[in-house]
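# Results of the structural survey
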Amino acid sequence: MSIDKFITLTSPAVPLPIENVDTDQIIPARFLKAVERKGFGDNLFRDWRYDKNNQPVKDFVLNQSTYTGNILVAGKNFGSGSSREHAAWAIYDAGFKVVVSSFFADIFKGNALNNGLLPVQVSEAFLEKIFAVVEEDPTARFNVDLTSQEFTILKTGETSSFEINPYKKECLLNGYDDIDYLVACRDEIRSFELSRN
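Residues numbered from 1 in each chain as written. Predicted model: local features only at pLDDT ≥ 70, side-chain atom pairs only at ≥ 80, totals over all residues. Heavy atoms only, no water.

Now for the packing of aromatic side chains. This model, assessed by the stated rule, comprises nine aromatic pairs. Between Phe-40 and Trp-89, the aromatic rings sit 5.5 Å apart at their centres with planes inclined by 55°, giving tilted as the arrangement. Residue Phe-40 is located in the loop between helix H1 (23-26) and helix H2 (46-49), and its partner Trp-89 is located in helix H3 (residues 86-93); the two are separated by 49 residues in the primary sequence. Considered together, Phe-40 and Trp-89 belong to a single accessibility category, that of buried residues. Centroid distance Phe-78 to Phe-104: 6.4 Å. Interplanar angle 90°. Geometry classified as edge-to-face. One end of the pair, Phe-78, is in the loop between strand E3 (71-74) and H3; the other, Phe-104, is in the loop between strand E4 (98-101) and helix H4 (106-114), with 26 residues separating them in the sequence. On the accessibility criterion, Phe-104 (1% relative accessible area) is buried. Connected via pairs of aromatic rings, a cluster forms that spans Phe-45, Trp-48 and Phe-60. Its guanidinium or amino end placed over the ring of Tyr-50, Arg-46 lies 4.2 Å from that ring's centre, counting from NZ or CZ. In this arrangement the basic side chain of Lys-97 is found over the ring face of Tyr-92, its NZ or CZ atom lying 4.2 Å from the centre. (Phe/Tyr/Trp six-rings, centres within 6.5 Å; stacked < 30°, edge-to-face > 60°. Helix = DSSP H or I, 4+ residues; strand = E, 2+ residues; numbered from the N terminus. Buried < 20%, exposed > 50% of the residue type's maximum accessible area, 1.4 Å probe, protein only. Lys NZ or Arg CZ within 6 Å of the ring centre and 35° of its normal.)

A regular strand places its side chains on the two faces of the sheet in alternate fashion. Neither face of E4 is open: one carries Val-98 and Val-100, the other Val-99 and Ser-101, and all of them are buried. As paired strands, E3 and E4 are joined by three bridges and run parallel to one another. Bridged to Ile-71 within E4 is Val-98. Note that the unit made of E3, H3 and E4 has a crossover that is right-handed. Relative to strand E5 (residues 118-121), E4 runs parallel, the two being bridged by four bridges. Note that in E5 the partner of Val-98 across the bridge is Leu-118. Between the parallel pair E4 and E5, the chain is carried across by H4, and the sense of this crossover is right-handed. (Pairing = 2+ DSSP bridges. Right-handed = clockwise from strand over helix to strand, strands pointing away.)

Next up on the list: the packing of H3 against H4. Between two packed helices, both the angle of their axes relative to each other and the distance between the axes serve to describe the pair. Interhelical geometry of H3 versus H4 gives an angle of 50° and a closest axis separation of 8 Å. Taken together, the axis directions place H3 and H4 in an arrangement best described as oblique. The interaxial crossing formed by H3 with H4 has right-handed handedness. Of the residues in H4, those touching H3 at Ala-87, Ala-88 and Ile-91 are Phe-108, Asn-111 and Ala-112. Within the contact of H3 with H4, the residues separate by chemical class into five nonpolar, one polar and no charged. (Axes fitted to C-alpha atoms, helices over the stretch in contact; angles between N-to-C directions. Parallel < 35°, antiparallel > 145°, perpendicular 65-115°, else oblique. Left-handed = near helix turned anticlockwise from the far one by under 90°. Contact = heavy atoms within 4.5 Å. Nonpolar A, V, L, I, M, F, W, Y, C, P; charged D, E, K, R; others polar.)

This part is about the pattern of salt bridges. This model, assessed by the stated rule, comprises five salt bridges. In this structure, the salt-bridge partner of Glu-124 is Lys-76, at a minimum N-O distance of 3.1 Å. Note that Glu-124 is positioned in helix H5 (residues 124-136) and Lys-76 in the loop between E3 and H3, a separation of 48 residues in sequence. The exposure class of Lys-76 is partly exposed, given its relative accessible area of 35%. A salt bridge links Lys-129 to Glu-158, with the nearest nitrogen and oxygen atoms 2.7 Å apart. Of this pair, Lys-129 sits in helix H5 while Glu-158 sits in strand E8 (residues 158-161), and the two are 29 residues apart along the sequence. Judged by its relative accessible area of 38%, Lys-129 is partly exposed. Of the residues examined, Glu-158 reaches a relative accessible area of 28% and is grouped as partly exposed. Salt bridges linked by common partners bring Glu-136, Asp-137 and Lys-155 together as one network. (Salt bridge = Lys/Arg side-chain N within 4 Å of Asp/Glu carboxyl O.)

Here it is as structure tokens:
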């Protein structure tokens, strides 16, 4: 299944300054009943968003109209725990295109990239600056440029570069999943095959 192209994004951010968020907190196991990517956003952080009576927890960030945007800013060690791909599905389905943290679990990072969700890893010091800017001004905007691999705090002009696997970068820039990428390379593959005969 193809993914949406990602080149640049300018957006406010939603802060989640909690460390060691695991995939069961992102999407509890009891909601892993579907095999399609749609519908998981409704249960993103379900046990933090709703109480035992299924009422919204007013203090939780996703229940506050103060914060909007397509960038989720999370604490250190985001996406640890089980390897469920549904965690990336839930975040993307809830409208986020980018997740920022100072550290990602490797499996979550791979799942995110495979599903069009860009994980941006920055230093702990830069992450704290992002949180501080959002706390001071929830409408503050940030720019994510995949081509230059830079995350910019527009209010201050401060920029942090981030790493990404070159293959995954090309896939995101073109909206390719692994199959789309192979199809796009078909002429090169055909030429290679002919050269071997």
